[in-house]
Amino acid sequence: PEKNHELQIRSFSNLLKNQAVTDNPNINTAKLVLLGSTRNTDDWIRVGHLRALCQTLEISDRVEFVLNQPFPILKEWLAKSSVGLHTM
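Residues numbered from 1 in each chain as written. Predicted model: local features only at pLDDT ≥ 70, side-chain atom pairs only at ≥ 80, totals over all residues. Heavy atoms only, no water.

Draft legend 1. Structural detail: the packing of helix α1 (residues 5-17) against helix α3 (residues 41-56). The N-to-C vectors of α1 and α3 enclose an angle of 15°; their axes lie 10 Å apart at closest approach. Taken together, α1 and α3 sit at an angle that is classed as roughly parallel. Between α1 and α3 lies a crossing of right-handed hand. From α1, His5, Glu6, Ile9 and Arg10 reach across to α3, where they touch Leu50, Leu53 and Cys54. (Axes fitted to C-alpha atoms, helices over the stretch in contact; angles between N-to-C directions. Helix = DSSP H or I, 4+ residues; strand = E, 2+ residues; numbered from the N terminus. Parallel < 35°, antiparallel > 145°, perpendicular 65-115°, else oblique. Left-handed = near helix turned anticlockwise from the far one by under 90°. Contact = heavy atoms within 4.5 Å.)

Spelled out as structure tokens, the structure:
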């Protein structure tokens, strides 16, 4: 909860729905990828709520959750990203 993933998802949704930027082809193909680990049952419940939020906002096809991956996989994701946001 300290990372406020919900705010990140809502902000991404606003970006996608902002008429001023939707003509930009980079925005039209943008994807939000949330990388991280789930430490316990509460984290898994939180991920479920975040996925439900993505469905409610109709952006599920533009948000990907990459969970509990080894560090080399995380580095691969970061290497191919255009923008990174570290929230700690």
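Draft legend 2. Just the pairing of strand β2 (residues 63-67), in detail. Among the 5 residues of β2, 4 are classified as buried, and the element is accordingly described as predominantly covered. In terms of strand pairing, strand β1 (residues 32-36) meets β2 through 5 bridges, oriented parallel. When the sheet's bridge partners are listed, Gly36 is paired in β2 with Leu67. Note on the crossover from β1 through α3 to β2: the handedness is right-handed. (Buried < 20%, exposed > 50% of the residue type's maximum accessible area, 1.4 Å probe, protein only. Pairing = 2+ DSSP bridges. Right-handed = clockwise from strand over helix to strand, strands pointing away.)

Draft legend 3. Structural view of the side chain of Thr38. The residue Thr38 is located in the loop between β1 and α3 in this model. Classification of Thr38 by relative accessible area gives buried; the value is 12%. Within polar-contact distance, the side chain of Thr38 engages the side chain of Trp44 at 3.2 Å. At 2.7 Å, the side chain of Thr38 and the side chain of Asn68 are in polar contact. (Polar contact = N/O pair within 3.5 Å; in protein donor to acceptor, adjacent residues only side chain to side chain.)

Draft legend 4. Quick look at the nonpolar core. Ranked by internal contacts, the top residues of the largest apolar core, which has 16 residues, are Ile9, Phe12, Ile59, Val63 and Phe65. Listed by contribution, the elements that provide at least two residues to this core are α1, β1, α3 and β2. Tallying contributions element by element places α3 first for this core, with 4 residues. What Val63 contacts, discounting residues up to four positions off in sequence, is Phe12, Leu32, Leu34 and Cys54. (Core = buried A, V, L, I, M, F, W, Y, C linked by side-chain atoms within 4.5 Å.)

Draft legend 5. Fine view of the side chain of Arg62. Tracing the sequence through the fold places Arg62 in the loop between α3 and β2. The buried charged residue Arg62 lacks any salt bridge partner; its closest oppositely charged side chain belongs to Asp61, at an N-O distance of 5.6 Å. Reaching out from Arg62, the side chain makes a polar contact with the backbone oxygen of Ala30 at a distance of 2.7 Å. Apart from the residues within four sequence positions on either side, Arg62 is in contact with Phe12, Leu16, Ile27, Asn28, Thr29, Ala30, Lys31 and Leu32. (Lys, Arg positive; Asp, Glu negative; His and termini not counted. Salt bridge = Lys/Arg side-chain N within 4 Å of Asp/Glu carboxyl O.)

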